[in-house]
Each structure stands twice: as C-alpha cells, then as structure tokens.
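# Geometric and topological summary
Below, each chain spelled out in residue letters.
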Amino acid sequence: MLSWWRLQQRSERELRPLVQRAWRLRDVQPARSLSVSASPKENPEPLYPSSSSSSSFRANDLAIISAQGEAKLPALESLQFGKVFSPHMFSVKYSEGSGWTTPTVRPVEAISVHPASSVMQYGVCCFEGMKAYVSREGQVLLFRPEMNMRRFHTSMQRLALPSFDQDELLECIKKLLLVDKSWIPKAEGFSMYLRPFAFGTSAALGVAPPSDAEISIIMSPVGPYFPEGLVPVNVLLDEVNVRAFPQGTGQYKIGGNYAPTLAHLPVAMEHGCKQSLYTIEDGPGSEKYVAECGAMNVFFLLEHGNGEQELVTPPLDGTILPGVTRDSVLSLCREWNEVKVSERMISVRELKDHASKGTLLEIFGCGTACAIMPIKALVRTSGEKLQARLSNTNGSLLYERLFKTLTDIQYGNVKHPWQEYVL
C-alpha cells in the first residue's frame, strides 16, 4: 500500500497510472495448476497470459549506435558460461509521466542508477534466459521465444513494473542479434545466451510500485554445457531450506528467488554435489516433497510393479518455475506416448522406496543453460544416496533421447514448430 506521505506529495493525475498498475496485480494469479499437452487443442489455455500494449515501445523505432572498432569473437574453446559478452546491448527506459523511450541498441556499458532506486533498495528486478543457435546452413534461430516473452511480461507484472508488447520486444531481440551476428558461435553445441532483464529505477525511498523502470538485454557466446558429453552428476537433497512457498513468487523469474539459494551452493559442493534440490512440507510436520533445484526443474522416471514406467515432475502449484524446457520435455513425452507422464507431488519417502528397489530409473534436471542434466544420485546430508539405476529395460535412456531431440530442434537439424528463425 502507498504510504501517506507519498500520497500527499503526488497529484491525483500523477498517481493514477501507478495505482492502476498496482491494482493490475489482482490479475496475476499466484498459484495456477496448468495442463500441458503436445497435442494441439481447439482453444488451448496459454501457459502465460499474453499482452499487447498500445503504449509499448516499437521495434521499428529502434535506434542503433554502433561500437567503435571491430571486436572479434574469442576462440570457441576459451568460452566460459557468462564470462564473455558481445559488443552491443539493448536498452529501453520507462517513466510514468512519458511512457517508454525510444529503444536503443548501443555498445555494452555500465548501467547507472540512483542509490535510492527500487532495484537497489527492494530488489525490484526480474530476468529471462534464452539462446540463439546457428544451424548447419548458417541460419540463426530461437527456441520457443514467445514463451520467454510471456514469462518475462508476467514476472514484470508481479513486480508492478510497466507493461510492454511482447511481439515488439521479440523483434528488438532479433535486431540485436543481427547487429552482433558475427558473435554467434557457428558450431553445434555452441550458442548465444541472451539475458533480458528489467528493474525499477525510481529514485525514492518508500515501498511503492516503481514509477520508472528499464529493460536491458545483454548477450554472451557460450560453449557446450557438457564438453565431454552427458555425464551424470550428484545433487544435494536439501531437506532443511525451502526455495519458494505457496502463494509466493516461486513461479516468477525474479532475482529474489535466486539470491537466497547462493549460500547453499558451498554446502552442496562440500557433499560433492553441483546443485541443491529443494523440498517442502505439505503442512506442518508432514513429510517432505520435492520442489526444484536452484536453477533447474527436475524429473524422475519410475518403474512400477506392473512394469509401467512413469515420468514425474512437481506440478505448477505456484512454487515451481514454469520452465520452457520443462514444458518441452512434457510435450515430447506425451507426444511419444511411451511412458505415463505425471505432474504431481512426489515425496522423499517415495523416491527412497524406488531407489531401494532399483526402480528409480532416471533423474534429470532441465533448463535453458544445460537443456538436460542427468543426475546420478540425490545425496542426503547424512551421506545416504538415493541412486538412480541409469538403465532402462526399454533400451536407450530417456534423458539421452530428450537431449538429442531438443538439441536437434534447437540447431535446426530437424524442422519443428518450436523454431523461430531470425534470418
């Protein structure tokens, strides 16, 4: 709620757009269970609400300021994830009084914000992660980018940041890629990682929706997440800390969901693990249920007594990020129709039971950075390991098939509706 002193200091005309934007949060549902299907439906419910704003910036107005000199893409073998950046970035600013400014592609430079800005004081920021790929024919393509745009818009709405036209931002992204086309690695396994992010810039203390904001995009050429192939890793099963709570912000890609998990990474590494998999109680004193990793959704392939195999992932109950790769895995497996696909709660007790019987066939995480990350075992702080069998009576491992299918689509090795070509 707006503080009284801020209400007195702003005129009714100045406050009206800000309050209206705050009230729009009523339309952002904090917890929705959504069904996902690979089969087309007559009127499918969108995973994220779409938006088209008449007051949005326009890609046709994009101004391009070229960097001086000609920087070259470093040797591909030297690339480290998120350490090297292409020469140009995208930026567009918003002010409550005048709306969006002219969108600009300009040389990468530091961002200046007032020390009292809402991003500095209250963490008003959100982001996206997506990639651009180069096919064998030299075409640049994106993978389901409309889903990133919708989720980005939804995250901004959750933080009372201004609305924008998702199609226009996607067109701006394509133009940014064209400017730095020579920096997109032209080798399979390599890609250009894009990081759109938005933040509040209002220079005023006081807990209120920001009246000023900015959207920026930086790009980083990256190499294969698994240079030596899909090597299963161990993940720490965190049965103490909780990543997100019901009716909270777990389903939004906001900075506040990620910063608190950073302190847990050293603990995971002490146990020989790459990441932590969080759990949550289904009520006080109840058993623990699996949630998600700090940066990945998670899947379990189980085998039941009747020989039926079931692929399980936690449902979109408001605590789980609706990942683009997660949705793609669900869609592909439902389309193949070879295993039962379930979005349901799964307890640590159930996983332990399957691991002890040898019927925990596979565990894998998924996300934009890695596509698919196979998991060898869930490690408890006691040292106990819930081991995946990593073998399948049906033949090939499901995570291997998913990784190949997803990367074939992403690199244009096969034609698929999920591809969007930039040029």
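The paragraphs below set out a description of the structure included in this document. Keep in mind it's a predicted model, so treat the numbers as computed, not measured.

Quick look at helix H5 (residues 166–179) now. Helix length check: H5, at 14 residues, gives a terminal C-alpha distance of 20 Å against a target of 20 Å (1.5 Å per residue), a fit within 8%. Within the sequence span of H5, burial applies to Gln 166, Glu 168, Leu 169, Leu 170, Cys 172, Ile 173, Lys 174, Leu 176 and Leu 177. Residue Asp 165 occupies the N-cap position of H5, its side-chain oxygen lying 2.9 Å from the main-chain nitrogen of Asp 167.

Let us look at helix H10 (residues 398–410). Between its terminal C-alpha atoms H10 stretches 18 Å, which fits the 18 Å expected from 13 residues at 1.5 Å a residue. Those residues of H10 lying buried are Leu 398, Tyr 399, Leu 402, Leu 406, Thr 407, Asp 408, Ile 409 and Gln 410. Where H10 ends, the next residue or the one after it, Gly 412, has phi of about 75 degrees, a positive value.

With that settled, consider the packing of aromatic side chains. The geometry of an aromatic ring pair comes down to the distance between the two centres and the angle between the two planes. Applying the stated criterion to the full structure yields 12 aromatic pairs. When the centroid spacing of 5.2 Å and the interplanar angle of 80 degrees are considered together, the rings of Phe 57 and Trp 100 count as edge-to-face. Highlighted residues: Phe 57 in the loop between helix H2 (12–23) and strand S1 (63–64) and Trp 100 in strand S3 (residues 99–100), separated in sequence by 43 residues. Judged on exposure class, the residue Phe 57 and its partner Trp 100 are both buried. Ring geometry for Phe 197 versus Phe 199: centroids 5.9 Å apart, planes at 20 degrees, classification stacked. Accessibility expressed as a relative area gives 5% for Phe 199, which makes it buried. Of the aromatic side chains, those joined through ring pairs into one cluster are Phe 57, Phe 90, Tyr 94, Trp 100, Phe 152 and Phe 164.

Okay, the environment of Lys 181 next. Its location among the elements puts Lys 181 in the loop between H5 and strand S8 (191–200). Accessibility expressed as a relative area gives 33% for Lys 181, which makes it partly exposed. Sequence separation between Lys 181 and Ser 86 is 95 residues, and the spatial gap between their C-alpha atoms is 9.4 Å. For Lys 181, the residues in contact, after removing those within four places along its chain, are Lys 186 and Leu 423.

Parameters and conventions
Residues numbered from 1 in each chain as written. Predicted model: local features only at pLDDT ≥ 70, side-chain atom pairs only at ≥ 80, totals over all residues. Heavy atoms only, no water. Helix = DSSP H or I, 4+ residues; strand = E, 2+ residues; numbered from the N terminus. Expected span 1.5 Å × (residues − 1). Buried < 20%, exposed > 50% of the residue type's maximum accessible area, 1.4 Å probe, protein only. Polar contact = N/O pair within 3.5 Å; in protein donor to acceptor, adjacent residues only side chain to side chain. Phe/Tyr/Trp six-rings, centres within 6.5 Å; stacked < 30°, edge-to-face > 60°. Contact = heavy atoms within 4.5 Å.

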